[in-house]
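Summary of structural features
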Amino acid sequence: MVRAFPFLLRPHVLASRNRARRRQRGDLSRGLLFGGIGVVVCAVLFRASAWLAGQLTGYAELGDYLLRLGLSWLFLTFLSFLAFSGVVTALSTFFLSDDLRLLVAAPVATRRLFHARFVRTVVQSSWMVVIFLVPVLMGVGWARCATPAYYLTAVLTVVPFAIIPVAAGTAATLVLVNTFPARRARDLLMLMGLLFAASLVILLRFIRPEQLMKVESLPDLTDFFATLQSPITPLLPSFWAGETIFATLRGGRDLLHAGALWTTALASIVILRAASERWYFSGYSRSQEAPKARFTRFRTLDVVARLLPLSPVRRQLLVKDLKIFLRDVSQWSQLLLLLALVLLYLYNFRVLDVQRIPYMSEFLKNVYAFVNLGMAGFVMATIAVRFVFPAVSIEGHAFWIIRTAPISLRDFLWSKFWTGFVPVFVLTEFLTIVANEFLGVEPFLKVIAAIAIVFMSFALVGMATGLGARYPRFGADVSQAAGSYGGVTFMLQAVLFIIVMIILLGWPSSLYLVHQVRAIPLTVGQEIWIATCFATAAGLSVTLWIRSMRAGVQALQRMGE
């Protein structure tokens, strides 16, 4: 019983070790891809923070003030993410984990179980925040030539800073589970989190920091700094962490704020443990209650589907997919975050001031047109890997119904394609047309970009549907299916396809526009070359679309053999 706490953590360590030893197909390529992306992101954060801290050094008192304010804002941002992540993670670790049925019935003291679960919650909630926070603090320390005491203080500051918001999130979860059923609370928290993320993204963008680069906005700098400082209060742990780091960076010590961090962290653990001993079992009992099965009929979908020129089989498959999607809160609620990102995407092009360089404005507009096309392609690929690629896997264990029903697998897979194609195409076409209107690009480029989106939509959605059928994961979560070997393969192929399309469309378009500006007619050879590039781009898109769908149908047919 004395050693129950470390032994409760040991199964998770052994499971991670065994998972690393038992490699599955695609683990190495997926690890290299995401590991490489992580290294690049950390390197960029390190260099950016070091450069910014170095630039602020030359501004004496103003530079120190801005750096101090920036550290407080950095910790304030991570504080909100840690709190919400703690709520969601605690819901899984404390109430919905599969091994709790064994542990709750085992002769293990409640406080021992609480310590093990809380350590796991803190680690799972804060590991990503720490990964992003460490290179930033290291870059600041490197730019300011900080002593080893700075790095030691940074570690001793991050630990209690991560514990406090996670403990608050865990306490909120304990209250929610004792009020609502655990699975209903999870859907509610997911919806609230997406709304929070969407509002945060829009709020940060509407601050419009690019106004600082304009000379005419200098009289408003005082108001701008007052706006930045207004959310920062001495009562938040983010302020304590920022003050502790900044004091050590200048060669001093701030024992008051460091002590506030550690005493608050320890006190929150003690209070949370007492609350867990009082209300944990009742909350866990409520989390085991079967959820009420209430299904919305969505009769409007049936009426609209009858108007579509589809066969009865494909019509019913379409209605089935749409109803499953709308009934799953974890699926459709993510559209709120997507909508916020779309608004942010368009707003960036709306405020883009290319007229500040008059002699290059036309050139920059045309360059941004292809940047917009590439970004729209990446948005399309991201949506496809998240919603279209898992379309077959989302059938789960009920896939045997499709296999035994009098439905051809070709109709089944093509229904998945059209269900994903229409929203993806409409969204990316809307983004491309509106962004090009904001930029004021040449009409020729507007037409080329709009037509290119059509072909790219067919190719990318077809690739996602076909690879999702070739590499299904019926027992996995939707996010796990998107991050599987097939999902990584699709993203690699999608990125390569987008780059090739930009090259095939960009070079001939630039050649045509240069001749138009100079009023020089194109030669016959140049016209043939331009037409060949455009035809190659269209042919490549159609070929990938058809071949991917055929390969997906064949893969599904082989499953029943």
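Residues numbered from 1 in each chain as written. Predicted model: local features only at pLDDT ≥ 70, side-chain atom pairs only at ≥ 80, totals over all residues. Heavy atoms only, no water.

1. Brief notes about helix 5 (residues 110-143)
Definition in use: For helices the rule is a DSSP run of H or I covering at least 4 residues; for strands it is a run of E covering at least 2, with both sets numbered from the N terminus onward. Any helix carries an expected span of 1.5 Å times its number of residues minus one. Bend at a given residue is defined as the angle between two axes, one fitted to the seven residues that end at that position and one fitted to the seven that begin there.
For helix 5, which comprises 34 residues, the first-to-last C-alpha distance of 47 Å matches the rise-based estimate of 50 Å (1.5 Å per residue) to within 8%. Remark: the principal bend of helix 5, roughly 45°, maps to Ser-126. In the segment just after helix 5, Cys-145 is the residue with positive phi, at about 55°.

2. Focus: the packing of aromatic side chains
Each aromatic ring pair is specified by the distance between its two centres and by the angle formed by the two planes. Spelled out, the test is: Only Phe, Tyr and Trp rings are paired, with Trp represented by its six-membered ring, and only when their centres lie within 6.5 Å; those with planes under 30 degrees apart are stacked, over 60 edge-to-face, the remainder tilted.
Scanning all chains against the criterion turns up 19 aromatic pairs. By the ring-pair criterion, three or more aromatic residues cluster together here, those being Trp-414, Phe-417, Trp-418, Phe-421, Phe-425, Phe-458 and Trp-545.

3. Describing the pattern of salt bridges
For clarity, the threshold we go by: Only one rule defines a salt bridge in this text: a Lys or Arg side-chain nitrogen within 4 Å of an Asp or Glu carboxyl oxygen. In this scheme, a residue with accessible area under 20% of its type's maximum is buried, one over 50% is exposed, and one in between is partly exposed, where area comes from a 1.4 Å probe on protein chains only.
Taken as a whole, this structure holds two salt bridges when the rule is applied. Linking Arg-111 and Glu-277 is a salt bridge whose minimum nitrogen-to-oxygen distance equals 3.2 Å. Here Arg-111 is found in helix 5, whereas its partner Glu-277 is found in helix 10 (residues 255-287), with 166 residues between them in sequence. Overall, Glu-277 belongs to the partly exposed group, its relative accessible area being 40%. For Lys-446, the salt bridge goes to Glu-437, with nearest N and O atoms at 3.1 Å. By relative accessible area, Glu-437 is classed as partly exposed at 48%.

4. Focus on the confidence of the model for the protein
Our working definition: Values of pLDDT, the confidence the predictor places in each residue, fall between 0 and 100. By definition in these notes, contact holds between two residues if any of their heavy atoms fall within 4.5 Å.
Mean pLDDT over the protein stands at 76; residues scoring 70 or higher make up 73%. Within the model, the stretch residues 215-219 combines pLDDT values under 50 with two contacts to residues more than four positions away or in other chains. Confidence over residues 227-231 falls short of pLDDT 50; this stretch has seven contacts with residues more than four positions distant or in other chains.

5. Thoughts on the nonpolar core
Looking at soluble globular proteins, one finds that nonpolar side chains tend to be buried together. Basically, it comes down to this: Throughout this description, the term nonpolar core refers to a set of buried Ala, Val, Leu, Ile, Met, Phe, Trp, Tyr and Cys residues connected via side-chain atoms within 4.5 Å.
Formed by 54 residues in total, the largest nonpolar core has its most connected members in Phe-118 and Leu-137. Here the element with the most residues in this core is helix 3 (residues 60-96); it accounts for 13 residues. Excluding residues within four positions of it along the chain, Phe-118 makes contact with Phe-94, Ile-163, Val-166, Ala-167, Thr-170, Ile-269 and Leu-272. Counting 53 residues, the second-largest nonpolar core is a separate cluster that includes Phe-389, Phe-412, Leu-439 and Phe-458.

6. Quick word on the packing of helix 6 (residues 148-177) against helix 9 (residues 237-249)
Here is the rule: Note on geometry: axes are C-alpha line fits, over the in-contact stretch for helices, and angles between N-to-C directions span 0 to 180 degrees. Should an angle fall under 35 degrees it is taken as roughly parallel, and over 145 as roughly antiparallel, whereas 65 to 115 is taken as roughly perpendicular and any remaining angle as oblique. Nonpolar residues are Ala, Val, Leu, Ile, Met, Phe, Trp, Tyr, Cys and Pro. Charged residues are Asp, Glu, Lys and Arg, and all others, Gly as well, are polar.
In the contact formed by helix 6 and helix 9, the axes pass within 9 Å of each other and the chain directions differ by 175°. When the axis of helix 6 is compared with that of helix 9, the two are roughly antiparallel. Where helix 6 abuts helix 9, its residues Ala-149, Tyr-150, Thr-153, Ala-154, Thr-157, Phe-161 and Ile-164 lie against Pro-237, Ser-238, Ala-241, Thr-244, Ile-245, Thr-248 and Leu-249. The residue makeup of the contact of helix 6 with helix 9, split by class, is nine nonpolar, five polar and no charged.

7. Brief notes about a nonpolar patch on the surface
As a reminder, the rule being used: Patch construction takes residues with relative accessible area above 30% that form no salt bridge. Like charges are linked within 9 Å, and nonpolar side chains (Val, Leu, Ile, Met, Phe, Trp, Tyr) are linked within 5 Å. Only the protein chains shown count as covering a residue, and every accessible area follows the Shrake-Rupley method with a 1.4 Å probe.
A cluster of nonpolar side chains, Ile-37, Val-41, Trp-127, Met-128, Ile-131 and Phe-132, forms an exposed patch at the surface whose accessible area comes to about 530 Å². Of all the secondary structure elements, the ones that give two or more residues to the nonpolar patch are helix 2 (27-57) and helix 5. Per-element tally for the nonpolar patch: the top contributor is helix 5, with four residues. By the secondary structure assignment, Met-128 is in helix 5. Assessed through its relative accessible area of 45%, Met-128 is described here as partly exposed.

8. Considerations on the side chain of Glu-243
Relative to the elements of secondary structure, Glu-243 occurs in helix 9. Once you skip the residues sitting within four places of it in the chain, Glu-243 turns out to touch Arg-68, Asp-254 and His-257.

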